[in-house]
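# Overview (structure and organization)
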Amino acid sequence: MDFGGINPAILIASLMAASVPILLAALGELVVEKAGVLNLGVEGMMIMGAIVGFMVTIQTGSPFLGFVGGAIGGAGLSLIFAFLTQVLLANQVATGLALTLFGLGLSALLGQGYNGLKPAATGAVPLGPLADIPFFGRVLFSHDWVVYFSVFMTGVIWYVLKSTRLGLILRAVGESHEAAHALGYKVNRIRLGAIAFGGAMAGMGGAYVSLVRVPQWVDGITAGAGWIALAIVVFASWKPWRALIGAYLFGGITVLQLNLQAAGSSIPVEYLSMSPYLITIVVLVIMSSGRGKAALNAPAALGQNFHASR
Amino acid sequence: MSERPILLSVEGITKAYPGVVANSDVSFAIREGEVHALLGENGAGKSTMVKMIYGLVKPDTGRMTWKGGDYAPAAPRVARATGVAMVFQHFSLFEALNVAENVALGMENPPPMKQLAARIKAVSEEYGLPLDPSRMVGDLSAGERQRVEIIRCLLQDPRLLIMDEPTSVLTPQEVEVLFRTLRQLSAEGTAILYISHKLEEIRSLCDAATILRRGKVVGTADPKASTARELAEMMVGATLTPPERPAPKDWGGPHAALEVKRLAVASPIAFGTSLKDVTFTVRKGEVLGIAGVAGNGQDELLLALSGEIRSGDGMVKATGVSVGAMGPAERRKIGFVMAPEDRLGHGAAPDMSLVENAFLTGGVRKGLTRNGFINWPAAREFAEAIIKTYDVRTPGSHVAARALSGGNLQKFVVGRELMQNPDVIVINQPTWGVDAAAAAAIRQAILDRAAEGAAVVVISQDLEELLEIADTFAVLNEGRLTAPRPVKGLTIDQIGLMMGGAHGMEVAHLAEA
Amino acid sequence: MLRLEKRPNPSKLWLYGTPVMAVILTMIVGGMLFATMGKDPFEVIRTIFWDPLFGEFAFYLRGQLLVKAGPLILIAIGLALGFRAGIWNIGAEGQYIMGAICGAAVGLAVYPTESRWIYPAMVIAGAFGGWAWAMIPAILKTRFHTNEILVSLMLVYVAQTILAKASTGFLKNPEGMGFPGSRNFSSYPAAANPELIAGSGIHWGVVTALAVAGVAWVLLSRHIIGFQIRLSGQAPRAARFHGVNPSKLVVLCMGLSGALAGLAGLFEVTGPAGQITIDFNVGYGFTAIIVAFLGRLNPIGIVFAGVLMALTYVGGEMASTNLGLPSATIQVFQGMLLFFLLGVDVLTNYRIRTFMGGK
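These remarks concern the structure in this document. Remember, predicted model here, so these are calculated numbers, not experimental data.

### Here's the deal with the overall build of chain A
Along its length, chain A carries 13 helices and zero strands. Ordered by position from the N terminus, the helices and strands of chain A form the series α-α-α-α-α-α-α-α-α-α-α-α-α. Since a compact globule built from 310 residues should have a radius of gyration of about 19 Å, the 19 Å found for chain A is in line with a globular shape. Buried positions account for 54% of the 310 residues belonging to chain A. Here the analysis covers contacts within chain A between residues at least 6 apart in sequence; of these, 78% occur between residues at least 24 apart.

### So, the sheet that holds strand E15 (residues 321–322) of chain B
Backbone hydrogen bonds hold the strands of a sheet together, and the pairing may be parallel or antiparallel. Residue and element names in this part refer to chain B. Taken in spatial order, the four strands make up an open sheet running E12-E11-E14-E15, and their pairing is antiparallel. Of all strands in the sheet, those with a lone pairing partner are strand E12 (275–282) and E15, marking the two edges. As paired strands, strand E11 (residues 258–265) and strand E14 (residues 316–318) are joined by three bridges and run antiparallel to one another. Its bridge partner being in E14, Leu-258 is matched across the sheet by Ala-318.

### Topic: unusual backbone geometry
Going from Tyr-111 of chain C to Pro-112 of chain C, the amide bond is cis rather than trans, its omega being 5°. Considering the arrangement of structural elements, one finds Pro-112 of chain C in the loop between helix H5 (92–109) and helix H6 (118–144). A positive phi is found at Asp-25 of chain B, a non-glycine position, where the angle reads about 50°. Along the chain, Asp-25 of chain B falls in strand E2 (residues 20–31). By C-beta crowding, Asp-25 of chain B is classed as partly exposed, having 14 other C-beta atoms within 10 Å. In this model, His-145 of chain C sits at a positive phi of 60°, which is unusual for a non-glycine residue. Here His-145 of chain C shows up in the loop between H6 and helix H7 (148–170).

### Re the interface of chain A and chain C
Listed by partner, the interface residues are 39 residues for chain A and 37 residues for chain C. For the side of chain A that touches chain C, the secondary-structure elements that each account for two or more residues are helix H3 (63–87), helix H4 (92–110), helix H10 (225–235) and helix H12 (269–289) of chain A. Looking at the side of chain A that touches chain C, the element that brings in the most residues is H4 of chain A, giving 12 residues. Across the side of chain A that touches chain C, the residue classes break down as 26 nonpolar, 11 polar and two charged.

### Some points on the packing of helix H11 (residues 354–365) of chain B against helix H13 (residues 406–418) of chain B
Helix-helix packing is described using two parameters, namely the angle between the two axes and the distance between the axes. Residues and elements named next belong to chain B. Where H11 meets H13, the axes come as close as 10 Å, and the angle between the chain directions of the two elements is 40°. Considered as vectors, H11 and H13 are oriented oblique to each other. Crossing of H11 against H13: the hand is right-handed. Between H11, through Leu-354, Ala-358, Thr-361 and Gly-362, and H13, the contact on the second element is made entirely by Phe-412, Arg-416 and Glu-417. Considered class by class, the residues forming the contact of H11 with H13 number three nonpolar, two polar and two charged.

### Structural notes on the interface of chain A and chain B
Taken together, the contact between chain A and chain B spans 14 residues of the former and 20 residues of the latter. Listing elements by their share of the side of chain A that touches chain B, those giving two or more residues are helix H7 (165–175) and helix H8 (177–182) of chain A. Sorting elements by how many residues they give to the side of chain A that touches chain B places H7 of chain A first, with five residues. Of the residues belonging to the side of chain A that touches chain B, the class tally is eight nonpolar, two polar and four charged.

### Let's talk about helix H9 (residues 224–234) of chain C
In terms of burial, H9 of chain C is largely enclosed, as eight of its 11 residues are buried. Those residues of H9 of chain C lying buried are Ile-224, Gly-226, Phe-227, Ile-229, Arg-230, Leu-231, Ser-232 and Gly-233 of chain C. If you follow the buried residues of H9 of chain C, they end up packed against strand E17 (369–370) and strand E18 (373–374) of chain B together with helix H4 (58–84), helix H8 (204–222), helix H10 (236–242) and helix H11 (246–270) of chain C.

### Some words on the pairing of strand E19 (residues 424–428) of chain B
Residue and element names in this part refer to chain B. Within E19, five of the five residues are buried, leaving the element largely enclosed by the surrounding structure. Of the two faces of E19, the one lined by Val-424, Val-426 and Asn-428 and the one lined by Ile-425 and Ile-427 are each fully buried. With four bridges connecting them, strand E16 (residues 336–339) and E19 associate as parallel partners. The residue of E19 that forms the bridge with Phe-336 is Val-424. Judged from the five bridges that link them, E19 and strand E20 (residues 455–459) form a sheet pairing that is parallel. Paired with Asn-428 across the two strands is Ile-459, which belongs to E20. For the crossover that starts at E19, traverses helix H14 (residues 436–451) and ends in the parallel E20, the hand is right-handed.

### A closer look at the nonpolar core
Core analysis: the largest hydrophobic core is formed by 381 residues, its most contacted members being Ala-26 and Ile-232 of chain A, Ile-162 of chain B together with Ile-75, Ala-76, Ile-77 and Ala-292 of chain C. Per-element accounting of this core gives the leading share, 16 residues, to helix H9 (residues 187–213) of chain A. Counting only domains with at least three residues in this core, you end up with domain 1 (6–236) and domain 2 (258–510) of chain B. Contacts of Ile-232 of chain A, omitting those with residues within four sequence positions, involve Ile-22, Ala-26, Ala-243, Gly-246, Ala-247 and Phe-250 of chain A.

### What about the environment of Ser-152 of chain C?
Residue and element names in this part refer to chain C. Relative to the helices and strands, Ser-152 resides in helix H7. Along the sequence, Ser-152 and Glu-93 sit 59 residues apart, while their C-alpha atoms lie 9.3 Å from each other. Ignoring anything within four residues of it in the chain, the contact list for Ser-152 reads Asn-89, Ile-90, Gly-91, Gly-94 and Pro-137.

### Notes on the sheet that holds strand E9 (residues 208–213) of chain B
Residues and elements named next belong to chain B. With respect to topology, six strands assemble into an open sheet ordered E6-E7-E8-E3-E9-E10, the strand pairing being mixed. In this open sheet, the two edge strands, each paired with only one partner strand, are strand E6 (84–87) and strand E10 (216–221). Neighbour-to-neighbour, the strand axes of the sheet open up by a mean angle of 20°, direction not taken into account. In terms of strand pairing, strand E7 (residues 160–164) meets strand E8 (residues 191–196) through five bridges, oriented parallel. The residue of E8 that forms the bridge with Leu-161 is Ile-192. Across the sheet, helix H1 (residues 46–53) touches strand E3 (35–39), E6, E7, E8 and E9, and the angle it forms with E7 is around 150°. This element, helix H8 (residues 228–236), spans E3, E9 and E10 of the sheet and lies at about 170° to E10.

### So, the pairing of strand E21 (residues 472–477) of chain B
Residues and elements named next belong to chain B. Summarising burial for E21: six of the six residues are buried, a large majority. Burial along E21 is two-sided: the residues Thr-472, Ala-474 and Leu-476 and Phe-473, Val-475 and Asn-477 are all buried. Of the pairings in the sheet, the one linking strand E13 (residues 287–291) to E21 comprises four bridges and is parallel in character. Note that in E21 the partner of Gly-289 across the bridge is Phe-473.

How each quantity is defined
All residue numbers refer to position in the chain's written sequence, counted from 1. To read the labels, note that chains go from A and ligands from 1, taken in the order they are written. Confidence filtering applies because this is a predicted model: local features only for residues at pLDDT of at least 70, side-chain atom pairs given and counted only at 80 or more, and all residues used for totals across whole chains, interfaces and linings. Secondary structure is summarised from DSSP: a helix means a run of H or I of at least four residues, a strand means a run of E of at least two, and numbering begins at the N terminus for each. Only C-alpha atoms enter the radius of gyration, while the globule expectation follows 2.2 Å times N to the 0.38, with N the number of residues. We call a residue exposed when 12 or fewer other C-beta atoms sit within 10 Å of its C-beta, buried when the count reaches 20 or more, and partly exposed for counts in between; the C-beta positions come from the backbone. For every residue pair, C-beta atoms are placed from the backbone, and the pair is scored as a contact if these atoms sit within 7 Å. We call two strands paired when DSSP finds no fewer than two bridges between them. When residues are grouped by polarity, Ala, Val, Leu, Ile, Met, Phe, Trp, Tyr, Cys and Pro land in nonpolar, Asp, Glu, Lys and Arg in charged, and all others, Gly among them, in polar. Axis geometry follows a simple rule: fit a line to the C-alpha atoms, using only the stretch in contact for helices, then measure angles between N-to-C directions, giving values from 0 to 180 degrees. Roughly parallel refers to an angle under 35 degrees, roughly antiparallel to one over 145, roughly perpendicular to one between 65 and 115, and oblique to any angle outside these ranges. For any helix crossing, the convention is left-handed if the near helix is rotated counterclockwise from the far helix by under a right angle, and right-handed if that rotation is clockwise. When the strands point away from the viewer and the path from the first strand over the helix to the second turns clockwise, the crossover is right-handed. Each nonpolar core reported here comprises buried Ala, Val, Leu, Ile, Met, Phe, Trp, Tyr and Cys residues connected via C-beta atoms within 7 Å. Here the bounds of each domain stem from an automatic or database domain assignment.

Everything listed here is a matter of coordinates, which is why it stays silent on function.
Now the structure itself:
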């Protein structure tokens, strides 16, 4: 089954892999925003995860430890954001931008001497007999563990937000910090936890870029993936499964345009490579123009700092 | 009654904030099953006191005992575990969550959602407060929201229930239902700490009263044996004089100064109330009072009149001009001004100086700009004139609006509009959260302006206020306005019927059950 | 324990004190960073902050300072107007690129005609290019409530692709022997933006930046539009009550910041950069965000902040060539500066109190 030199099974399988970085980052940011915090530093946290994960893998030879390192790198950077916005009450938009600028610089600094190296491969984990099912085995069950992990986390976050007390408290804090405070919840502490979690997820997403997608270290390797993750949270109207759909859509577009470029399509390369960004804009417009339910699902206290005055 | 044992005793509690002592050496005791009133003006320190009992705020000195043992809750969690529950005045519900989720958030160890929903249904029916656990709180009326808070408390079998100004958001019928519930609770042995400044309510409900003024206990009383006047004088510390009303004057001419015809606009606010078919007219020198429970379209009405929401052609006419398509600045130009309810953030910019805030609405009519350039010295003069005329207590016109107390800022905001010699003025909640002296001054200023020939619309939830200053009276109910009626001869029962609207049916239904 | 307590009035002292404090803190922590990298922190700091102004090569570097500060100031002032109003245009880099492309295209279209009207036409085209690029997020925001942060940023990536196409395609130098890049404007006097006073680094962009700073200051402090911008940022509901039309304000602020970024791009590409190449933009559009905040969103403050930031660029390059400091360090340094600024800003609106434990 080939369409213009593109095999659909491989296409779908590779779009799932291509989507992992933005899916992980978007899920993390979704939790952060549900807690009422707007962290625009996703790009910075991703690239920190990318470099720390890369370094750890090179030093230890273990991609798994690399992902752990990536998560720690992203979470570490996010704690700067948490300290500035939750303790020192700095503007969240400005601090998020600062985080991205700082992360891009710091990763380039840390990455000196890592250019051109190859990290240990993150192997595929075919799921036994499932992987032998024709077509679907190739598409769904022959990935590396991070792909499964990203889908698993989608389910976990969905469940936690919807059905657990932790999720309820998190949503409550994002909805009205005054009310949550009046009931005795530690607003800033809960938000701090959410921010660190978001940082860890973004960091893992970044590590997936440098360890699996590329895989090597280049300055600015995440190339705007963090910003697309932010857009996907809006697209998903703060719902985990829709974030998965959104990530796969964008992953699909990226893979498709790369495939079209490789297949020597008649569409100029420039148009193809700007397409993911243009389509992101189009989707944002569609999502935000329907001012109905999607807008209502946005956490009401999003982006506002909380200071308990009395 | 006094033979019942003491449940909670407060001994010598003091709490100071920078620049203000909220409570100074406050002592009182609540007995089991007693309905105890904490009476005082806005700013008397009632809210701070109950926040200490609920563990949200820690006292500086003094102590509390619970059934004779030491009681010093470090957090609301501890207070709830002891048996203290609290119904807040505002700020403790989550609009985008459903009733059951809201209830669960206020409990220590909530049962699974399904069981919780069943218990909510059961308890709410037992106390005559029907509630559907799966409804989104944002879609509920103010009265229903309060039920959510009460049910949340009742599910924890509290020994002491604190209620902070519970009736300010209720219709008279809903107040009756609430009181029935509270009496039932009291009879079952639950003590109730009832915070209010409404004297009649306290006289009909409470067994004992502690009166606070400026953070200190100024007396205790048996409310059933005291007159409202005695209580009021203890609370305010002075004899109050009702506002003076000059004899009405005939301004002649058939034209209405403000004419609103079949006004319908969609609410721009999430969970807001759209206006439907609002019609009224106000003549020169006349004061129209618009009552209604919060959330029935008051904010939307002000926005539509101020020009922040535009309306269809001919729906709003001021001084004979159709203003539906005009913005706020153009409306001010023709003499149509307004003062919104939320003074900090809507009527005034919190971080801007009083000079800048004077310019905020005064720029147009006071001619404070030339070719778009602002004449700051003139704006300062205007600000200082407002401060002087309306007795705004502030170190100067350079301070930020947020530095002023609620009453002073309200005097500034209302004064700013009245100083512009308006022909039509609309004020939402002129005395909300303002102490009695400032409230009296504001009401007097409004009446004086009306006596000079302005048409005035006052939107308020304070019935007594409206009856005191209005000539005609109407009620907003779910975005609809009743036909205005003259205040003279209006009975409280008629007002209740006007306010009832859709709620009235529910109450009637309840009474049968 | 420490506790924050809101000040009734913002502190005037800290309003001006915090940027200074942030710079000092950045020097201290940056110095520690340099030390861990095995460099002498004092030498590095001196190389970055002192030598460009008073060192051996200061006569040349001082000019470089203005060359770098010019576009930063121009862009930052535009951004600051928007930020003050709560409108977050962070895609200035894209508007800068589009301004450069549009302006350059006008000049290259008439090559090699000589006329005194060519450069003014290019300036207008440059401003238009940036304005038009900023209008996309502005109109999407007013029409569809689309988040301007994300859209303006996405458009940076799109602009970069267009830039690649321009330098290898439609604006490529036909006599360039196949190398990417447009004709060099330094050899086309009618379309060039030369140094006005030899060795000073002052070109039309610098002059414009200083003029714009003055105009913006008057606008913000004396004009009703400036009042409306400040009001909208501080209290959006009060702004609507005053009579501000939020949509018009978005269009105005986005348009102004886009046009200024476009101007900066045009001045850069016809002057210091000299030609359209795939990487002529060096991230001024992003660094300008730091400049805007460092200058406290105040036009005069931004002039100082722009020069300071230019200092870190020029001095950073010196440190990189003379002391072998990796060039990414300076980016970290700039990021740190912004962090410290945002952090110590708390002192303007809050007081820090100590209180004893146990209460």
